[in-house]
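# Survey of secondary and tertiary structure
Next come the chains, spelled out residue by residue.
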Amino acid sequence: MIVNFILNGRPRQIEAPANETLLQTLRDTLGNFDAKEGCNEGVCGACTVLLDGRPVASCLVLTPTVRAHTVVTLRGVQSGDDLHPLQQAFLDHGAVQCGFCTPGILLTALAFLERHPRPDREDVRVALAGNLCRCTGYTKILDAVQAYVSRPGRS
Amino acid sequence: MDTQVLGQVPRIIGRSVVRHDARDKVQAATAYAADWAMPGMLHAVVVRSPYASARIGRLDTTRALAMPGVAVVLTAPDVPRNTLWTDVPGQTTAVGPLRARLHILAEERVRHQGEPVALVAAETLDQARAAAEAVEVEYEPCPGVFDPEAALAPGAPLVHEGTNLLAHWRVTRGDVEGALASAATVVEGEYRTQFVDSSYLEPESGVAWLDADGVITIRVSTQVIEHFRDVAEVLAVPQNRVRVIGTYLGGGFGGKEDVTVEVYLGLLVLRTGRPVKMVWSRQESLLGRAKRHPYLMHYRTAAASTGEILAHDITLVSDAGAYAYLSALVLLYSTVTAAGPYRVPSVRVDARVAYTNNPPTSAMRGFGAMQMVFGYESQVDRVARARGLDPVRIRALNALRRGDTLPVGQVIETHVALPELAARAWAGLGEPSRPRAPHLRVGRGLASNFQPYGRIVWLHDWSSAWVGFEMDGSLVVRCGAPDVGGGQASSLCQIAAAVLGVELERVTIHISDSALTPLAGTTTASRQLYMSGNAVLKACRELREQILGVAATLLGAEPTTLTLVDNAAWAPDGRQLPLADVLRQCARVGVPRSHLGVYHAPAGEPVDLERGQGKVFPDYTFGAHAVEVEVDLETGQVRVRKHVAAHDVGRAINPQSVAGQIQGGAVQGLGYGLMEEILLEEGINLTTSFASYLIPSAADVADVEPVILESGEGLGPFGARGIGEPPIGPPAAALANAIADATGVRVTTLPITAERMARALGLLGP
């Protein structure tokens, strides 16, 4: 099937069988490796992308269903070489170890903060419950998100 | 020692610098093993046994080979050398020397569910999977054995020829029976721990190709690039014809210490001459990869009326699963640490591990030492309650001290901060929380541990690293260490920057390539900062002397009076030469601008543990965790409210990375204590997805507060100790002790799920 959609702000046209997942299309057809395959059943969150601004497990989305929709992977949140301030907060707070879960966690957190700009720590904890991390124990990830939320100069 | 040589610890050591790998990772710029594709690449899958114990009758690949897109189907006869042997030195008891054996593809028999039987490579992954389904295997199920105690009973079905007893270690010191007969308090307990999985987020994966130089090159997620030798052995090619490039790992935790995809990739490249990719699914990883050893631990502990522990009588039985892997060594770690980080005059340990038709067990963070913590710390807690001592007091009273001898005869040569660690972890809990509802009970528990870092001394461990300046004064480090995500590479950069006086931004590191980086050994056993940190330190110091020797002639000063700071050589009177000038002079006079450093760990010969002769490990890292839990008396649900984790890390090269290791290890330990379990029924794995094998999410855990103690007493660079494994040890025992405090009920089986807790509380009937 021919599928047209917007990926990271640019129109893309690809051909995909009806049963191909968005994760497969991104990685195998488009060579975009931002989303990772951790479980392929929608549990771990490593393959998270934003579909029309909402986080989805791309391993559970069939590519033909994204026709005429907008998909954003991690590189889509950056402008040029400048890091997004949430990416910077992850660096400053040591929220990254192996990094395999990081793209999914950043996207889930950004989408959540878009809708809930001033969450408390427990809100963030629940919001990130669908993104597993095996390395950090989550404390520093929550530290980073909180620091981003309360960063100086934020309106 | 190091601090004396340098006068002081350089300023960049101990700073929480941002890791270069993290900068890539927040931008998804890191190319993990599966993030790789090549033109003409085949996709490969493994055909695995659905049976736990069976004979292979007919094995027919004809139909699979005829499927569309299939390039090759391999079975055992296609493997040049199908058996990998590993010598396990130091096995000195009744069992005799052990040569661990592993079949690459099953021959005649399968001994566990998920055992690899055939390989298929095809143009697409879908085609490979379809062809794998078409490989015809007729299995004749055989009797199996699924419990290590049953496996050791007479008449049990044999997993391999001879005996099911894989290893047997014993320790005897003092008069155990005498102490038990006369002690004021004797506490007896039996503890059971479960199979668990490493569950790194990145499944096993790699891509391999035949490079232009004719070398089979395998880019793979591994903790051990030295497996290039195993691949060469299996392929029957010279070792210098195989190269392993280790990627930055999406987690390892010991699960990527054994060979995973690399041997299969090597075989398929050898056979097809084409690039081949193999990525295991999560289901396959949970099914096919080795697990953590479950233990049955029986303790009898004698204590004086004052609370001093006088004796332990300890019996351990563990399950190796169907193949030996590292089971004998895992059991050795258990045997050495079973009495805990305490002075215990009389100790008897009898430890056995048996083959079964369960999934194989092997390395996982904590490696046999972490399971023991649940046993010895539950016992210590019970002694404290029996004698009316608080948890900190009983640990301070019994703690090992420098100069003490472990039951196996090893003398503790470095500072033991246990009393301080216990006190600080306990105090860190602060004011007790009030239960948030009438049906909730709050309790607190403490658990200490010690974990070896560095490999067993009779393995004669070493690491090497190359450090060199480019002409512009930028620095290159080459070191074969894999980075599993703990910041291994970044810490090496930090050490090099510190000793050679350049900014961290001017250091580039190449890691984990068996052809292009000096070999550094495995990223396991909490050894990489210790071993490769020392190798880099050594290389940098030698290089510093070379450079300063040349600078001294230019400055007309004594080399020993010069310093190398801020990209310049400085004389004591304040005169300085830019580093680039010194390097140009080095080139002119023929002084090398690089150095290869080799670090050898303290070595020794195998000891007879039973006679208590001596040294087994280079050194140990000590820790103590305190937790506060809330137990729901109506549902059995246990929630951790507070968690303080204290470790003496010797020296924190990057405190933020150290804290990350402590917090991450603590939460893995909580997962082990509360929820994780590979469930097996007659060897069949019932938990082969993340929907049934549960690891902690952010919502399942509380924040972990790390307490970093720096005694400066470790054997690593600037006095650092290993901290990768230690934090996973204490949480499960601390939980059980906190639950006992909250409810008066002692849980002795892991994990402490709501169902198990409800049963222990009597909520589910007798």
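Residues numbered from 1 in each chain as written. Chains lettered and ligands numbered in written order. Predicted model: local features only at pLDDT ≥ 70, side-chain atom pairs only at ≥ 80, totals over all residues.

### Regarding the overall build of chain A
Secondary structure assignment for chain A yields five helices and five strands. For chain A, the C-alpha radius of gyration of 16 Å lies close to 15 Å, the compact-globule estimate for 155 residues. When each of the 155 residues of chain A is scored for burial, the buried share is 53%. A fraction of 58% describes how many contacts in chain A between residues 6 or more apart in sequence connect residues 24 or more apart. (Helix = DSSP H or I, 4+ residues; strand = E, 2+ residues; numbered from the N terminus. Rg over C-alpha atoms; globule rule 2.2 N^0.38 Å. Buried ≥ 20, exposed ≤ 12 C-beta atoms within 10 Å, placed from the backbone. Contact = placed C-beta atoms within 7 Å.)

### Regarding the overall build of chain B
Within chain B, the regular secondary structure consists of 19 helices and 30 strands. A compact globule built from 766 residues would reach a C-alpha radius of gyration of about 27 Å, and chain B, at 27 Å, matches this within 12%. Based on the C-alpha atoms only, the size of chain B along its principal axes is roughly 85 × 75 × 55 Å. Counting all 766 residues of chain B, 60% fall into the buried class. Long-range pairs, those at least 24 residues apart, make up 80% of the contacts in chain B with a sequence separation of at least 6.

### Considerations on the sheet that holds strand β15 (residues 295-303) of chain B
All names here are of chain B. Taking strand neighbours across the sheet as the criterion, the five strands line up as β9-β17-β16-β15-β10 in an open arrangement whose pairing is mixed. The open sheet is flanked by β9 (165-173) and β10 (185-192), the only strands paired with a single partner. On average, adjacent strands in this sheet sit at an angle of 5° to one another, irrespective of strand direction. Contacting β9, β16 (309-321) and β17 (346-355), helix α10 (residues 327-337) crosses the sheet at an angle of about 20° to β9. Those strands touched by helix α11 (residues 369-387) are β10, β15 and β16, and its axis lies near 150° from that of β10. (Pairing = 2+ DSSP bridges. Axes fitted to C-alpha atoms, helices over the stretch in contact; angles between N-to-C directions.)

### Observations regarding the interface of chain B and chain A
Across the contact, 42 residues belong to chain B and 41 residues belong to chain A. Of all the secondary structure elements, the ones that give two or more residues to the side of chain B that touches chain A are α2 (20-25) and α17 (655-674) of chain B. Examining the composition of the side of chain B that touches chain A, we find that seven residues originate from one element, α17(B), more than from any other. A class-by-class count of the residues in the side of chain B that touches chain A yields 20 nonpolar, 16 polar and six charged. (Nonpolar A, V, L, I, M, F, W, Y, C, P; charged D, E, K, R; others polar.)

### Focus on the domain arrangement of chain B
Residue and element names in this part refer to chain B. Here chain B is partitioned into domain 1 (2-30 + 462-600), domain 2 (42-142 + 204-279) and domain 3 (295-456 + 606-760). One C-alpha centre belongs to domain 2, the other to domain 3, and the line joining them spans 35 Å. With 20 residues of domain 2 in contact, the opposing surface of domain 3 contributes 23 residues. The greatest single-element share of the side of domain 2 that touches domain 3, amounting to four residues, is contributed by strand β5 (residues 98-103). For the side of domain 2 that touches domain 3, the per-class residue count stands at seven nonpolar, nine polar and four charged. (Domains from an automatic or database assignment.)

### Re the domain arrangement of chain A
Residue and element names in this part refer to chain A. What the domain assignment lists for chain A is domain 1 (2-77) and domain 2 (85-149). Between the C-alpha centres of domain 1 and domain 2 the distance comes to 21 Å. Sorting the residues of the side of domain 1 that touches domain 2 by element identifies β3 (48-51) and β4 (54-57) as the ones contributing at least two each. Considering every element that reaches the side of domain 1 that touches domain 2, the biggest residue donor is β3, with three residues. A per-class count over the side of domain 1 that touches domain 2 returns nine nonpolar, four polar and three charged.

### Description of the sheet that holds β4(A)
All names here are of chain A. One open sheet holds the five strands; their spatial order is β2-β1-β5-β3-β4, and the pairing between them is mixed. Edge positions in the open sheet fall to β2 (10-15) and β4, since each of these has one partner strand only. Geometrically, the sheet is characterised by an average inter-axis angle of 40° between neighbouring strands, direction not taken into account. As paired elements, β3 and β4 share four bridges and run antiparallel to each other. When the bridges of β4 are listed, T48 appears paired with A57. Set on the sheet, helix α3 (residues 102-115) makes contact with β3 and β4; between it and β3 the angle comes to about 35°.

### Observations concerning the environment of B:V701
Assignment of secondary structure puts B:V701 in the loop between β29 (684-685) and β30 (704-709). The exposure class assigned to B:V701 is buried, which follows from the 22 C-beta atoms found within 10 Å. Separated by 60 residues in sequence, B:V701 and B:R641 place their C-alpha atoms 8.0 Å apart. With near-sequence residues (within four places) excluded, B:V701 lies in contact with A:G137, A:Y138, B:V640, B:V667, B:L670 and B:P696.

### Topic: the nonpolar core
All names here are of chain B. V120, A496 and V536 are the most contacted members of the largest nonpolar core, which totals 308 residues. With 14 residues, the top contributor of residues to this core is helix α15 (residues 528-555). With residues up to four places along the chain from it excluded, the contact list for V120 reads A44, V45, V47, A64, V70, V73, A128, A131, A132 and V135. (Core = buried A, V, L, I, M, F, W, Y, C linked by C-beta atoms within 7 Å.)

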